[in-house]
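Now for the letters of each chain:
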Amino acid sequence: MTVAQDTLDMLMAAGVPAISQTLFGLGIMNAFIPGLSPADPKTCVFAGPACTLRAIPMREDIRIAIAEGRLPNPHRQALAGVKAGEVIVTDIGDIPRISLFGDLIGTHLANRGVAAIVTDGGVADLAALAAVPLPVFSAGSAPVPASGRVVVVDIRLPISCRGVPVYDGDIVVGDRAGVVVVPADLAESVARKAMEKEKLEAFLLERLQAGAPLEGTYPPDADTLAAYRARG
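Residues numbered from 1 in each chain as written. Predicted model: local features only at pLDDT ≥ 70, side-chain atom pairs only at ≥ 80, totals over all residues. Heavy atoms only, no water.

1. Some points on the overall build of the protein
So, step 1. Scanning the protein from N- to C-terminus turns up eight helices and 11 strands.
So, step 2. Overall, the C-alpha framework of the protein stretches about 70 × 35 × 30 Å when taken along its three principal axes.
So, step 3. Counting all 232 residues of the protein, 46% fall into the buried class.
So, step 4. Here the analysis covers contacts within the protein between residues at least 6 apart in sequence; of these, 74% occur between residues at least 24 apart. (Helix = DSSP H or I, 4+ residues; strand = E, 2+ residues; numbered from the N terminus. Buried < 20%, exposed > 50% of the residue type's maximum accessible area, 1.4 Å probe, protein only. Contact = heavy atoms within 4.5 Å.)

2. Notes on the layout of surface pockets
So, step 1. Empty space within the largest pocket amounts to approximately 400 Å³.
So, step 2. Going through the elements one at a time, α3 (60-67), α4 (74-80) and β7 (150-155) are the ones with two or more residues in the lining of the largest pocket.
So, step 3. Considered class by class, the residues forming the lining of the largest pocket number 14 nonpolar, six polar and two charged.
So, step 4. Computed from the structure, the second largest pocket encloses a volume of approximately 160 Å³.
So, step 5. Gln 21, Thr 22, Lys 193, Glu 196, Lys 197, Leu 200, Glu 201, Leu 204, Tyr 218, Pro 220 and Tyr 228 are the residues that line the second largest pocket.
So, step 6. When contributions to the lining of the second largest pocket are tallied by element, the ones reaching two or more residues are α2 (16-25) and α7 (187-209).
So, step 7. Considering each element in turn, the lining of the second largest pocket owes the most residues, six residues, to α7.
So, step 8. Of the residues in the lining of the second largest pocket, the class split is five nonpolar, two polar and four charged. (1 Å grid on protein atoms, 1.4 Å probe; cavity = no way out; pocket = protein on both sides within 12 Å on 5 of 7 lines; lining within 4 Å. Points joined across faces, edges and corners; volume = space filled by probe spheres on them. Nonpolar A, V, L, I, M, F, W, Y, C, P; charged D, E, K, R; others polar.)

3. Overview of a nonpolar patch on the surface
So, step 1. A cluster of nonpolar side chains, contributed by Leu 208, Leu 214 and Tyr 218, occupies part of the molecular surface with about 300 Å² of accessible area.
So, step 2. Examined against the element boundaries, Leu 208 turns out to sit in helix α7.
So, step 3. Among the residues examined, Leu 208 registers a relative accessible area of 31% and is labelled partly exposed. (Patch = residues over 30% accessible without salt bridge, like charges linked within 9 Å, V, L, I, M, F, W, Y side chains within 5 Å. Areas by Shrake-Rupley, 256 points an atom, 1.4 Å probe, with all protein chains shown as cover. Salt bridge = Lys/Arg side-chain N within 4 Å of Asp/Glu carboxyl O.)

Right under this line is the structure:
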């Protein structure tokens, strides 16, 4: 399903912690992808539908056939199928020491309007990739090509990214806190709830900064909630 841009904007404004907590409250407890860091924390905010990509361990006859040109390069084929505005999310078996992406591929994807890359592997040329105008979350620096270790086998099927299920079209949101996955059909509701949560917590923070006791302020009791609602 298509998620409206204003919903994506709300998700980015609400932020990953509020979204994760909102999803948890809805019973979705495995949505935050752990252990990934942004290449550049200053330009890491994004939201967009997932384009899932899965790889399995490479077999030698396949590697040789690709190298000799008898089989097309499945990595390039998969990347060609990613649309503008989408977030590439990978499942390469959680191998942080190899990379499917570097600054050259990142530049190409940024030029095509891809929203972000989220990979359970590492990335090559981390410093150079950080300069590309494309949010990238990965397991860190890994200047070792993945082509000898894994082969891409499908795109747009359900995957596991570091133990988190990701379906093609899920809404993926990232910021300095990390990356979270939102079911597309819940995106608008989660966005509105997360924004309201952020507003409430900003109010609670003001009260705590002013010397209010923790008890009754966080979590807010009936009187605190009444004061929040009265403020409008």
